[in-house]
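# Report on the structure
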Amino acid sequence: MKKFIITAALVAMPLLGFAQKEFDKFEDKDGIDSVIIREKLMDMLGDIEISGTEEAKGYLDNVKSMESLRVFTTKDRQYALDMETTVASYLKKKRMEELISINSDGKNLKIYTASGTEPSDIKELLLLSKDAKENEVVLVTFVGDISLKDKKNIN
């Protein structure tokens, strides 16, 4: 049994380490604008001392638990199609739930999430926005542990 558990853990490790690696190909490409915020910066932001409400401190704790935030935008038709295909392939492999789908005036927006341990926790978020008029695609990916619990009473 011990061998089985060790073997299963070793097999699963690459799957955990390669979360969202499919989207790495969009980094540093001419024709794709990108903003990538990595875990180190999130940790640094989470360490900022603030004098404010407990809710604000809670948000900073959430920032510290984020692993990455990536935003890719393009008007290049080839890259736009590649982003859409990559997202579709990624969603087939991952267990993500579609939260919202909006289609209005040539604009299409879909948001998917993977929950954490609690229903109010977000482990991963993926947003894909297509604007047919502007021929623009925006892809936002986020990985981390964000808790929405007790945030609903903030003004």
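Presented here is an overview of the structure given in this document. (Residues numbered from 1 in each chain as written. Predicted model: local features only at pLDDT ≥ 70, side-chain atom pairs only at ≥ 80, totals over all residues. Heavy atoms only, no water.)

Attention now moves to unusual backbone geometry. In the Ramachandran plot, Asp105 falls in the positive-phi region, its phi being about 55 degrees despite a non-glycine side chain. Topologically, Asp105 is positioned in the loop between β3 (97-104) and β4 (107-115). Residue Asn135 is not a glycine yet carries a positive backbone phi of 55 degrees. Inspection of the secondary structure puts Asn135 in the loop between β5 (121-131) and β6 (136-147). (Helix = DSSP H or I, 4+ residues; strand = E, 2+ residues; numbered from the N terminus.)

A few words on the pattern of salt bridges. Scanning all chains against the criterion turns up eight salt bridges. Between Lys94 and Glu124 there is a salt bridge, with its nearest N and O atoms 3.3 Å apart. In this pair, Lys94 sits in the loop between α4 (77-93) and β3 while Glu124 sits in strand β5, placing the two residues 30 residues apart along the sequence. For Lys94, a relative accessible area of 31% puts it in the partly exposed group. Since its relative accessible area comes to 4%, Glu124 is described here as buried. Through salt bridges with shared partners, one network takes in Asp24, Glu27 and Arg70. (Salt bridge = Lys/Arg side-chain N within 4 Å of Asp/Glu carboxyl O. Buried < 20%, exposed > 50% of the residue type's maximum accessible area, 1.4 Å probe, protein only.)

On to α4. Between its first and last C-alpha atoms α4 spans 25 Å; for 17 residues at 1.5 Å apiece the expected length is 24 Å, and the two agree. Turning to α4, the residues buried within the fold contact β1 (32-38), β2 (66-74), β5 and β6. (Expected span 1.5 Å × (residues − 1). Contact = heavy atoms within 4.5 Å.)

It is worth spelling out the nonpolar core at this point. Among the nonpolar cores identified, the biggest contains 16 residues, and Phe23, Phe26, Phe72, Met83, Leu126 and Leu139 are the most heavily contacted of them. Counting residues per element, the ones that place at least two in this core are α4, β4, β5 and β6. (Core = buried A, V, L, I, M, F, W, Y, C linked by side-chain atoms within 4.5 Å.)

Sheet strands pair via backbone hydrogen bonds, and the direction of the pair is either parallel or antiparallel. Read across the open sheet, the six strands follow the order β1-β2-β6-β5-β4-β3; overall the sheet is antiparallel. Edge strands, defined here as strands with exactly one partner in the open sheet, are β1 and β3. When the angles between neighbouring strand axes are averaged without regard to direction, this sheet yields 10 degrees. Sheet topology note: the β1/β2 ladder contains seven bridges and is antiparallel. Looking at β2, one finds that Ile37 is bridged to Leu69. (Pairing = 2+ DSSP bridges. Axes fitted to C-alpha atoms, helices over the stretch in contact; angles between N-to-C directions.)

With that settled, the discussion passes to the environment of Ser147. For Ser147, the location among the structural elements is in strand β6. For Ser147, a relative accessible area of 23% gives the class partly exposed. Spatially, the C-alpha atom of Ser147 lies 9.1 Å from that of Pro119, the residues being 28 residues apart in sequence.

Moving on, we come to the pairing of β3. Pairing between β3 and β4: seven bridges, direction antiparallel. Looking across to β4, one finds that Glu98 is bridged to Tyr112. Hairpin remark: β3 followed by β4, antiparallel, with two residues in the connecting loop; positive phi at Asp105, about 55 degrees.

Residue placement: Arg70 occurs in strand β2. By relative accessible area, which is 4% here, Arg70 ends up buried. Reaching out from Arg70, the side chain makes a polar contact with the side chain of Glu27 at a distance of 3.2 Å. (Polar contact = N/O pair within 3.5 Å; in protein donor to acceptor, adjacent residues only side chain to side chain.)

This part covers the pairing of β6. On any regular strand, side chains alternate: one points to one face of the sheet, the next to the other face. For β6, the buried fraction is high: nine of the 12 residues fall into the buried class. Bridge count for β2 against β6 is eight bridges, and the pairing is antiparallel. Each bridged residue has a counterpart across the sheet, and for Ser68 the counterpart in β6 is Val143. Examined bridge by bridge, β5 and β6 share 10 bridges and lie antiparallel to one another. Among the inter-strand pairings, Lys130 is bridged to a residue of β6, identified as Val137.

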